[in-house]
Amino acid sequence: MATAAAKRKPVFVKVDQLKPGTAGHTLVAKVLSSNTVLQKGRPGAAAAGPAARPTRIAECLIGDETGCILFTARNEQVDLLKPESTVIIRNAKIDMFKGSMRLAVDKWGRIEVTEPASFNVKEDNNLSLVEYELVNVAEE
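Numbers given for residues are sequential positions, taken from 1 along each chain in its written order. Only residues with pLDDT of at least 70 are given local features in this predicted model, and only at 80 or more are side-chain atom pairs given and counted; all residues enter the totals for whole chains, interfaces and linings. Working from all heavy atoms in the structure, the side-chain values ignore hydrogens and water.

1. Describing the overall build of the protein chain
The way it works is that DSSP assigns letters per residue, a run of H or I at least four long becomes a helix, a run of E at least two long becomes a strand, and they are numbered from the N terminus. Of the regular secondary structure elements, the protein chain holds two helices and six strands. Scanning the protein chain from its N terminus toward the C terminus, one meets helices and strands in the order α-β-β-β-α-β-β-β. To sort residues, take the accessible area from a 1.4 Å probe on protein chains only and compare it with the maximum for the residue type: under 20% means buried, over 50% means exposed, and anything in between is partly exposed. The proportion of buried residues among the 140 residues of the protein chain is 36%. Only heavy atoms enter the contact rule, under which two residues are in contact if any of them lie within 4.5 Å. For the protein chain, the share of sequence-separated contacts (at least 6 apart) that also reach a separation of at least 24 residues comes to 65%. As displayed, the protein chain offers around 9400 Å² of accessible surface, 53% of which is attributable to carbon and sulfur atoms. Note that accessible areas follow from Shrake-Rupley with a 1.4 Å probe, and for residues the cover is restricted to the protein chains shown.

The following block contains the structure:
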């Protein structure tokens, strides 16, 4: 059957290939740390309607053998991005936060926990520590 071959195979990228303003990234990464930055609402409030659902946001440092980047995890994503786990992140995009890059997955993307990766994360190349400035190049 040729139906399986018709499915487009995603192209996996490495962390050091991520650039500001890009999207559609699929990558395998290890989670180094997770830090909850926002927790709103209270558990059990879901019965009051979707607007009352608790909101959780965590900044997770993830990476591969080329570098690392902060991933902004929202709600259920926080439970998947536990330190020490390896994840496949599909259709991720780069958000800019205070001039630095963050990786994020919206409703069009997916996060899956997978087999532990064999690589060691290159922690001394943190892309989220690079500050980008909007520069207008003046013609001489």
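2. A look at the pattern of salt bridges
Salt bridges are identified by distance alone: a Lys or Arg side-chain nitrogen within 4 Å of an Asp or Glu carboxyl oxygen. According to the stated counting rule, one finds seven salt bridges in the structure shown. Close ionic contact of Glu-65 with Lys-14 constitutes a salt bridge, the shortest N to O distance being 2.9 Å. Taken together, the residues span a long stretch of sequence, with Glu-65 in the loop between β2 (55–64) and β3 (67–74) and Lys-14 in the loop between α1 (3–6) and β1 (23–40) at a distance of 51 residues. Since its relative accessible area comes to 34%, Glu-65 is described here as partly exposed.

3. Here we look at the nonpolar core
The nonpolar core is taken to be a set of buried Ala, Val, Leu, Ile, Met, Phe, Trp, Tyr and Cys residues, with the residues joined through side-chain atoms within 4.5 Å. In this structure, Leu-18, Ile-62, Ile-69, Phe-71, Leu-81, Ile-89 and Leu-103 are the most contacted members of the largest nonpolar core, which totals 23 residues. Broken down by secondary-structure element, the contributors of at least two residues to this core are β1, β2, β3, β4 (86–97) and β5 (100–104). If one sorts the elements of this core by residue count, β4 sits on top with four residues. In this view, Phe-71 contacts Ala-58, Glu-59, Cys-60, Ile-62, Gln-77, Leu-81, Ile-89, Leu-103, Ala-104, Val-105 and Ile-111; residues no more than four positions away in its chain are not counted. The next biggest cluster of nonpolar side chains, apart from the first, holds six residues, and it includes Cys-68, Leu-70, Ala-117 and Phe-119.

4. A closer look at the confidence of the model for the protein chain
Along the chain, pLDDT gives the predictor's confidence residue by residue, from 0 to 100. Per-residue pLDDT for the protein chain has a mean of 87; in total, 81% of the residues score no lower than 70. Model confidence for the protein chain, summarised as mean pLDDT per element, is weakest for α1 at 48 and strongest for β3 at 98. Predicted confidence for residues 1–6 stays below pLDDT 50, and this span has zero contacts to residues more than four positions away or in other chains.

5. Considerations on the side chain of Thr-26
Considering the arrangement of structural elements, one finds Thr-26 in strand β1. Those residues in contact with Thr-26 that lie beyond four places of it in its chain are Pro-10, Val-11, Phe-12, Val-13, Ile-89, Arg-90 and Asn-91.

6. Here's the deal with the environment of Thr-36
Residue placement: Thr-36 occurs in strand β1. Here Thr-36 falls in the partly exposed class, since its relative accessible area comes to 44%. With 38 residues separating them along the chain, Thr-36 and Arg-74 place their C-alpha atoms 9.8 Å apart. Excluding residues within four positions of it along the chain, Thr-36 makes contact with Ile-57 and Ala-58.

7. With respect to the side chain of Thr-86
Looking at the secondary structure, you find Thr-86 in strand β4. For Thr-86, a relative accessible area of 2% corresponds to the buried category. As used in this structure description, the phrase polar contact means that two N or O atoms lie within 3.5 Å; if the pair is within protein, one of them must be able to donate a hydrogen and the other to accept it, and residues adjacent in sequence are counted only when both atoms belong to side chains. Within the local environment of Thr-86, its side chain forms a polar contact with the backbone nitrogen of Ala-117, the two atoms lying 3.0 Å apart. Those residues within four positions of Thr-86 in sequence are excluded, and the remaining contacts are Val-28, Ala-29, Lys-30, Glu-112, Val-113, Thr-114, Glu-115, Pro-116 and Ala-117.

8. Some details on unusual backbone geometry
Leaving glycine aside, a negative phi is the common case for residues, and trans is the common case for peptide bonds. Phi at Asn-75 takes a positive value of approximately 50°, unusual for a residue other than glycine. With a relative accessible area of 24%, Asn-75 lands in the partly exposed category. Not every positive phi belongs to a glycine, and Lys-98 is a case in point at roughly 50°. Relative to the helices and strands, Lys-98 is located in the loop between β4 and β5. A residue is classified by how much of its surface remains accessible, and Lys-98, at 70% relative accessible area, is exposed.

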